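Examination of the molecular architecture
What follows is each chain in one-letter form.
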Amino acid sequence: MAVDQPTYAAAPAGDQSRIHDIGYRGYDGPRLGRAYARRSLYSQSLRGAYGLGRSVKSKVLPMLLFAVMCVPAAIMVAVAVATKAHELPVAYTRYAIIMQAVISLYVASQAPQAVSRDLRFKTVPLYFSRPIETADYVRAKFAALASALFVLTGAPLLVMYAGALLSKMGFAHQTKEFAQGLVAVALLSLLFAGIGLVIAAFTPRRGFGIAAVIAVLTISYGAVSTLQAIADTQGSGSAVPWIGLFSPITLIDGVQSAFLGGSSAFPGGTGPSGGEGAVYVLFVLGLTAACYGLLIRRYRKVGL
């Protein structure tokens, strides 16, 4: 006896549609918000400024520059301890001025790394697609580079301070000068970070950013120092402090010599007076604020 077989409708030719259950579930955890995103971006940028969490190649230059900053301080401490000196050969406020070439090279290498890569690979709009705004991004990057610079410039001062205490130099005197040095390098870190980031934020090419930062920091210092020397030899010593307003490193030199008890590298060894020093402070703070404002304006356009 014949049994009827079930019949099936043939699937349309070329129909490859499938429905897969991939187990997707919505996120039910806490929403950490802008503050957490800002802190994460800050910590990631700060670590990146020393190559942490990146390739070995990325660690070489920042760690080498950090060592170059600290080694002279360690040598001075060793000499002071061995000779039982009563004072360090270089004042805390002078150390960053002497090592300004190393600091400029660090800024030139790390400011483009902080922002140029995001511009080059067009990841900035991805940041702003999350609960993070233009000001959050700029603050995190600015704070990260300034913190990295403060570590770079403050570490050798800490080495000098520890060595001075080991040499049994006056505790109160050394603590006061150490605090003054920290204030000077804090201002330097803010100013240099702002200038470096503004320059780097206008080019996605890291090489161009490095060259531009070096040019601005070193050429301005060389030009201002030359003009100051010419003014001094021409008998126009009163113009020397005002010329110093046009270079980042001479701005810091003027502030620390006017208010932080430091000696000046200006021709004749005389820094700005109290009134002129107040103008220097206003210039440092105003230039730092201007750099922040320019970064905000720049990233409002980039994030579109």
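The structure we're discussing is the one just above.
Computed from a prediction, not measured in an experiment: that's the story for all the values here. (Residues numbered from 1 in each chain as written. Predicted model: local features only at pLDDT ≥ 70, side-chain atom pairs only at ≥ 80, totals over all residues. Heavy atoms only, no water.)

Some points on the environment of Gly194
To keep it simple, the criterion reads: Secondary structure follows DSSP: runs of H or I at least 4 residues long count as helices, runs of E at least 2 residues long count as strands, and numbering of each begins at the N terminus. Each residue is placed in one exposure class: buried if its accessible area under a 1.4 Å probe, protein chains only, is under 20% of its type's maximum, exposed if it is over 50%, and partly exposed if it falls in between. By definition in these notes, contact holds between two residues if any of their heavy atoms fall within 4.5 Å.
Mapped onto the elements of the fold, Gly194 is located in helix H7 (residues 171-200). By relative accessible area, Gly194 is classed as buried at 0%. Not counting chain neighbours up to four residues away, the residues in contact with Gly194 comprise Phe142 and Cys291.

With respect to helix H6 (residues 134-166)
Where we set the bar: An expected span of 1.5 Å times one less than the residue number is assigned to each helix. The bend at a residue is defined as the angle formed between two axes, one fitted to the seven residues ending at that residue and one fitted to the seven starting there.
Given a rise of 1.5 Å per residue, 33 residues ought to cover 48 Å, and the 47 Å separating the end C-alpha atoms of H6 matches this to within 8%. Along its length, H6 shows its largest kink, about 30°, at Gly154, and proline Pro156 lies within four residues downstream of that point. One or two residues past the end of H6 sits Lys168, with phi positive at roughly 60°.

A closer look at helix H2 (residues 56-83)
The end-to-end C-alpha separation of H2 is 39 Å, in line with the 40 Å expected for 28 residues at 1.5 Å each. Just downstream of H2 lies Lys84, where phi reads positive at about 55°.

A word on the packing of aromatic side chains
We apply this condition: Stacked, edge-to-face and tilted are the three classes for Phe, Tyr and Trp ring pairs, Trp counted by its six-membered ring, which pair at centre distances within 6.5 Å; planes under 30 degrees apart are stacked, over 60 edge-to-face, the rest tilted. Sitting over a ring, as applied to charges here, requires NZ of Lys or CZ of Arg to be within 6 Å of the ring centre and within 35 degrees of the ring normal.
Applying the stated criterion to the full structure yields 6 aromatic pairs. Between Tyr50 and Tyr106, the ring centres sit 5.6 Å apart and the planes meet at 35°, which makes this aromatic pair tilted. With Tyr50 in the loop between helix H1 (33-48) and H2 and Tyr106 in helix H4 (residues 100-120), this residue pair connects regions lying 56 residues apart in the sequence. Like Tyr50, the residue Tyr106 is buried in the burial classification. Ring centres 5.9 Å apart and planes at 65° place the aromatic pair Tyr92 and Phe178 in the edge-to-face group. With Tyr92 in helix H3 (residues 92-98) and Phe178 in helix H7, this pair connects stretches of sequence that are 86 residues apart. For the pair formed by Tyr92 and Phe178, the shared burial category is buried. What links up through ring pairs into an aromatic cluster is the set Tyr50, Phe66 and Tyr106. Above the ring of Phe202, the side-chain terminus of Arg298 is found at 5.1 Å from the ring centroid.

With respect to the pattern of salt bridges
Our working rule: Each salt bridge in this description consists of a side-chain nitrogen of Lys or Arg and a carboxyl oxygen of Asp or Glu lying within 4 Å of one another.
On inspection of all chains with the given rule, the structure shows 5 salt bridges. The shortest N-O distance in the salt bridge between Arg34 and Asp136 comes to 2.8 Å. Placement of the pair is Arg34 in helix H1 and Asp136 in helix H6, with a sequence separation of 102 residues. Taking the relative accessible area as the measure of exposure, Asp136 reaches 0% and is therefore buried. Between Arg38 and Asp136 there is a salt bridge, with the nearest N and O atoms lying 2.5 Å from each other. In this pair, Arg38 is assigned in helix H1 and Asp136 in helix H6, connecting sequence segments 98 residues apart.

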